[in-house]
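Okay, here's what each chain looks like letter by letter:
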Amino acid sequence: MAHQTFLDRLSTQIITDYGNNLANITIVLPNKRARIFLLEALKKQIQGTVFAPTITSIEDFIQDVAGIRSIDAIDLLFEFYSTYLGLTPKEKQQPFDTFANWGKTLLQDFNEIDRYLLNSAHVLTYLENIQEIEHWAVDTDKRTPMIESYLEFWKLLPSYYNTFYAHLLQKGVGYQGLIYREAVNNINHFSNVHKGTLVFAGFNALNAAEEKIIQHLLSLGQAKVYWDIDYTFLSDPYHDAGLFIRRFKKEWKQYAFQDFEWISNNFSEPKNIQIIGTPKTVGQAKIAGEIIEQLQNNGHSLDKTALVLGEENLLIPMLYSLPANVGSLNITMGYGSRNNPAQILVQKLFKMHTNAINRNEKSYTLYYREVLDILTHPLVEPYAKASKLVDTINRNNITFFSLAKLFEIQGNATPFFKLLFDRWDTTAGHILQRLSSIMLELKSYLSNDNEEDKIAKAFLYSIFKVLNKLTNYQEAHPHMDSLPVLHAIYKQVIDLAEVSFEGEPLSGLQVMGVLESRVLDFENVIITSMNEGKFPSGKTQNSFIPFDVKREFGLPTYKEKDAIYSYHFYHLLMRAKNVYLLYNTESEGLDAGERSRFLTQLEIEKQPAHNLSSVIYNAHLPEKAYEPMEVAKTEKVMARLHEIATVKGFSPSALTGYLRNPMQFYYQRILRISEADEVEESIALNTLGTIIHGALEELYKPVLGKFLTTQDIDSMATLADAEVMNQFVSVYKEGEIKKGRNLLAFEVAKRNVHNFLKLEKKGITEGDAVKVLFLEHQFRRELTDGALPYTVVISGNIDRVEERNGRIRITDYKTGKVEKNNVTLKNWDGLTADYKNDKIIQLLCYAFMYEQHANGLEMEAGIISFKNMKSGFMGFSFKDGFDRSAAVQDVVDAAMLQNFRTQLVVLINEILNAEIAFTEEIR
């Protein structure tokens, strides 16, 4: 049999006491959310049509008593700033962004002072006296301007409070504490004019103003109170969940002659409680999604299921982790603006346009990262229609460009694109209008039927409201009319803006924050983030009032806040049947913390009827930290390999790439997947190599086929700098090369080319006869062997082939550092099995390809390393490692090539073997 919820019991009591005469009663609940649930509970028990009772939240009720409406947190901060300016001499006035740092904290303290009906002058003067005592050792005539300014701030607190209080009263608005204080002042008048009965239900922690108002109405017989407390918590003098209600029961004089209602006994009834630990926030989201799917599969109704998020940041990963068949979803919780995608977009727009103006206001110079950050933003990317622009920026390596250039590349810019990137006028009104238009444009793209679009609309609306408030404030305060001031103010007020999600509360899975769960009962409850610092929130002290002063004046401290969390936690468990408590097992990191004390308390104070279990879901750790990938060679793969081997040919780099990592060979050669173009902000090593290769090729082209002279080298040296620049422009395209690291890379490229030419000239001067035959030339040669399944082609580009002193020299340029031992071989066996031999394999492939063109001349093959230029040409050499007396061979002859062919066939056979899968090599 289903448990009777608190609201079911309340509706039964109300109908019993008042019958169909419900219109004369007002029911006051802790929050607005519970109203619709209570109406539903009443409908189930009433036959026919009656006028419903007035059901309101405590905050709305207090506003009615006070006759003052609540003011928004952002408007409140602006009003306080106006008061501050009126009280502060012009030369001492702080800009809004500086003021807001302490203004927000001071407003919270004013709020607490008023909610607990304290004498503001007494409290604030007390704070001033504390500061005076702390600086007692500093003589008045020796105090620095900073100390004087500091103490003056404390002296002014009573003036700030009194002037601001009067200012708000005059406007008929107020913050929560002010409204509560005024409600207490007005309670006699309210009770005289109010007709009907007031029912207060489901309360726990009450501030001093609420206590006074409710007790006053109780004493006049105008009100009834129904508490929602369990005997387990009320009877235990040390249980925090009953801390407040135990005090009310003991101290309120009405309970000397009235019954205390209600004390239930639900917590001790049978429950299945699972405490589940898992690493990280995302782990909790995944497990919560699995639990919901499991509940559905077991026939549980999601209408009776609550997912309570102990931390608001879990909302987005949680939504992505819910099962696809979850159906309707009701999110009722506040979500901070810091992670709001619309807020992040506005911040990126501020950054891009501010920096564009600061770099060059005339040309409005944009930085590619800031542009791409906006174009790839999830709210913008689907609608900007700028894929061509993104591709052009990446392909042409554009780092900085003018606004005109941006629109030129984009071509036909959509109105939305223009809203994002058109030049910002530096006046605040224009900027706010533009940002508001962007929010409205994005809203027009979103659907009302899609759940994700509904959430996106909530994000947009919260920022749109902030922009509207800033617009109203800017119109009234001309001093705000500049971009830097507007941005500073925006950053301050955005922290006060919360996203409010609202859905259909009576159907589907209920996703809520802790405070939204008040008064409500669910059969299945999942609570996340059960860690210290999250649930409960811990010792957060954002106040000018020290802890000991708060204790002295009866203001709530973190201890009372922990007790409030304790009540909410145990209330969620009171009438639930199945409870899942999730926590993060990581004790270190940004979202980590010790396991919540509430979990330990549950285990220690375990009720006999509770089936309580605890489990930790660690990520499954395999025997190996990482299992290398494997791809079998299918018929299509073998067909592609045959095409490479017989048509295009195996290049030396492809063969050494296979040795480095067969999976890389698979991706690049079989699947033909190349790396996506990205802007290369700093010149990469391979790009630098391409530039040097290109420069040398262009410099040597005019002297191909003739013996070089020192005059030829001198001519090249005069052209070298210009040619390096040409190559930079050609290869690096529109990348910035006139400053920073890229300027250094440009100088390195020039130096490398000049050093090479000096080496060349030195050789010629010493008598070398050098004739360059080929530059960056492609050669092909078929390889036929009985061990191969078919004839294959070896094909590739050789950097340089020359005739030097009657011998063919094959040269491979390397931008990185190469030593002589990298091109020295001691044993032919296993040559193609070890990636360390990659440079030897490349050189011998070049020699094999060129052998048929050598016309009987001796050949040598080697490397010139630009980072090891002092070593000059480092030729391949072989010295038999088993025969110490053997001479070093540096001529690549037929016998040497035959040994190489044998090893090459082994490697190619492995690549072409259908039984040997491509296996990832972990290095």
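Everything discussed here concerns the structure shown above.
Presented here is a report on the structure given in the accompanying data block. (Residues numbered from 1 in each chain as written. Predicted model: local features only at pLDDT ≥ 70, side-chain atom pairs only at ≥ 80, totals over all residues. Heavy atoms only, no water.)

## Topic: the nonpolar core
Leu-10, Phe-61 and Phe-200 are the most contacted members of the largest nonpolar core, which has 206 residues in total. Considering each element in turn, this core owes the most residues, 11 residues, to helix H22 (residues 451-476). Every residue in contact with Phe-200, bar those within four places of it in the chain, is listed here: Val-28, Ile-58, Phe-61, Ile-214, Leu-217, Ala-223, Lys-224, Val-225 and Tyr-226. Core analysis: the second largest hydrophobic core is formed by 56 residues, Leu-641, Leu-655, Ile-670 and Val-792 among them. (Core = buried A, V, L, I, M, F, W, Y, C linked by side-chain atoms within 4.5 Å. Buried < 20%, exposed > 50% of the residue type's maximum accessible area, 1.4 Å probe, protein only. Helix = DSSP H or I, 4+ residues; strand = E, 2+ residues; numbered from the N terminus. Contact = heavy atoms within 4.5 Å.)

## Regarding the sheet that holds strand E2 (residues 54-57)
Read from one edge to the other, the open sheet built from 4 strands follows the order E2-E1-E5-E6, with strand pairing classed as parallel. Strand pairing shows two members of the sheet lacking a second neighbour, E2 and strand E6 (223-226), which therefore form its edges. Shown here is a sheet whose adjacent strand axes are inclined to one another by a mean of 20°, direction ignored. Bridge count for strand E5 (residues 197-201) against E6 is 4 bridges, and the pairing is parallel. (Pairing = 2+ DSSP bridges. Axes fitted to C-alpha atoms, helices over the stretch in contact; angles between N-to-C directions.)

## Regarding unusual backbone geometry
Of note, the bond from Glu-261 into Trp-262 is cis; its omega dihedral lies within 30 degrees of zero at -10°. Mapped onto the secondary structure, Trp-262 falls in the loop between helix H12 (243-251) and strand E8 (263-264). A cis geometry characterises the amide bond from Phe-535 onward to Pro-536, with omega recorded as 5°. Its location among the elements puts Pro-536 in the loop between strand E17 (524-527) and helix H24 (547-553). One non-glycine residue, Leu-117, lies in positive phi territory at about 55°. Mapped onto the elements, Leu-117 comes out in the loop between helix H5 (96-115) and helix H6 (120-134). Within the chain, Asn-805 stands out as a residue other than glycine whose phi angle is a positive 55°. On the secondary structure map, Asn-805 appears in the loop between strand E22 (792-804) and strand E23 (807-814).

## Regarding the sheet that holds E23
The strand order across the open sheet formed by 5 strands is E21-E22-E23-E25-E26, and the pairing between neighbours is mixed. Whereas interior strands pair on both sides, the edge strands pair on one side only; in this sheet they are strand E21 (770-783) and strand E26 (873-875). Each adjacent strand pair in this sheet contributes to an overall mean axis angle of 40°, direction not counted. Two strands pair when backbone bridges link them, and E23 and strand E25 (residues 859-865) are joined in this way by 7 bridges, in the parallel orientation. Within E25, the position partnered with Arg-809 by the bridge is Glu-860. Across the sheet, helix H30 (residues 685-700) lies against E21, E22 and E23, angled at about 115° from E21, the strand it touches most. Sheet contacts for helix H33 (residues 838-850): E21, E22, E23 and E25; angle to E22, the most-contacted strand, approximately 85°.

## Some thoughts on the packing of H12 against helix H25 (residues 558-574)
The interhelical angle for the contact between H12 and H25, taken along N-to-C directions, is 100°, at an axis separation of 8 Å. Considering their axes alone, H12 and H25 lie roughly perpendicular with respect to each other. Side by side, H12 and H25 meet where Leu-243, Phe-244 and Ile-245 of the first sit next to Glu-560, Ala-563, Ile-564 and Tyr-567 of the second. Residues that form the contact of H12 with H25 fall into these classes: 6 nonpolar, no polar and 1 charged. (Parallel < 35°, antiparallel > 145°, perpendicular 65-115°, else oblique. Nonpolar A, V, L, I, M, F, W, Y, C, P; charged D, E, K, R; others polar.)

Bear in mind that shape data such as this cannot, by itself, settle questions of function.
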